[in-house]
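Chain by chain, the residues run as shown.
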Amino acid sequence: MGSEGMAPATADAAASAAGRVACFYEKLAPHSLAGVDTLYAADARFKDPFNDVVGTAAIRRIFEHMFDTVDAPRFVVTERIEQGAQAMLGWDFHFLLRGRPVVVHGVTHLRFDAGGRVLLHRDYWDAAEELYEKLPLLGVLMRALRRRLSAG
C-alpha cells in the first residue's frame, strides 16, 4: 500500500470517490459484489471489529459471508465528511436477526489512491453495544457487565 499518502488529483475526485462508495453500499446486493474490484485498489485493506484483510477477493468474501449469515442486510449512509484523499461515512446497518430487526450504527474511514479507488476501509462500531447486547443470552450478560462497570 505504498500509494496511501497520494491525494486525488482534485477535491472533486475525493468527493466523487466518497460518493461512489456511499452509493455502492446503499445499493449493495449479492449481484453487485463484483463492483468491489473497480471501487477498491487491488491491495486495499479492509478492517472492522471481526475482519482485517487485504485485497479485493478477501473484501468480497466478507460481504458474501454477510449475505449468507444475516437476512435483509442494508446500509444507509447518514453522514459524509470529505477532506483531501480521505472521507468518513456515518452509517446505519439494518438487518434481521431471527426475524427481529437490528440496527448497528457505525463510521467508516476511507483513504483513496490517486485514481479515487479505496486503499483503506476501516469500520468503527461498538460490537458490544451494537450487536452482543442484542443477542438473547449474551445480551443479558453484556448489559449486566455494563451496569456493573458504569460510573453512573
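So, here is what we can say about the structure in this document. (Residues numbered from 1 in each chain as written. Predicted model: local features only at pLDDT ≥ 70, side-chain atom pairs only at ≥ 80, totals over all residues. Heavy atoms only, no water.)

Considerations on the sheet that holds strand β1 (residues 40-47)
Heads up, the condition is: If DSSP finds at least two bridges between two strands, the strands pair. Helix and strand assignments follow DSSP, with helices taken as H or I runs no shorter than four residues and strands as E runs no shorter than two, numbered in order from the N terminus. Comment: axis = line fitted to C-alpha atoms, over the contacting stretch for helices; angle = value between 0 and 180 degrees taken between N-to-C directions.
The mixed open sheet is built from 6 strands, whose spatial order is β2-β1-β6-β5-β4-β3. Sheet topology places β2 (52-54) and β3 (71-83) at the edges, where each strand pairs with a single neighbour. Strand-to-strand, the axes of this sheet are offset by a mean angle of 20°, without reference to chain direction. Bridge count between strand β5 (residues 100-112) and strand β6 (residues 118-124): 6 bridges; the pairing is antiparallel. In the strand pairing of β6, Leu-110 is matched with His-121.

Notes on the pattern of salt bridges
We count it as follows: The term salt bridge refers to a pairing of a side-chain nitrogen on Lys or Arg with a carboxyl oxygen on Asp or Glu at a separation within 4 Å. A 1.4 Å probe rolled over the protein chains alone gives each residue an accessible area, and that area as a share of the maximum for its type sets the label: buried under 20%, exposed over 50%, partly exposed in between.
All chains considered together, the criterion is met by 4 salt bridges. Note that Asp-37 and Arg-60 form a salt bridge whose closest N and O atoms lie 2.6 Å from each other. Here Asp-37, found in helix α2 (residues 36-39), pairs with Arg-60, found in helix α3 (residues 56-69); they are 23 residues apart in sequence, far enough to count as distant. Judged by its relative accessible area of 41%, Asp-37 is partly exposed.

Section: the pairing of β5
The sheet contact formed by strand β4 (residues 86-97) and β5 spans 12 bridges and is antiparallel. Directly across from Gly-90, in β5, lies its bridge partner Val-107. Remark: 2 residues form the turn of the hairpin made by β4 and β5, two consecutive strands paired antiparallel; Arg-98 in that turn has positive phi of roughly 55°. Remark: 5 residues form the turn of the hairpin made by β5 and β6, two consecutive strands paired antiparallel; Gly-116 in that turn has positive phi of roughly 85°.

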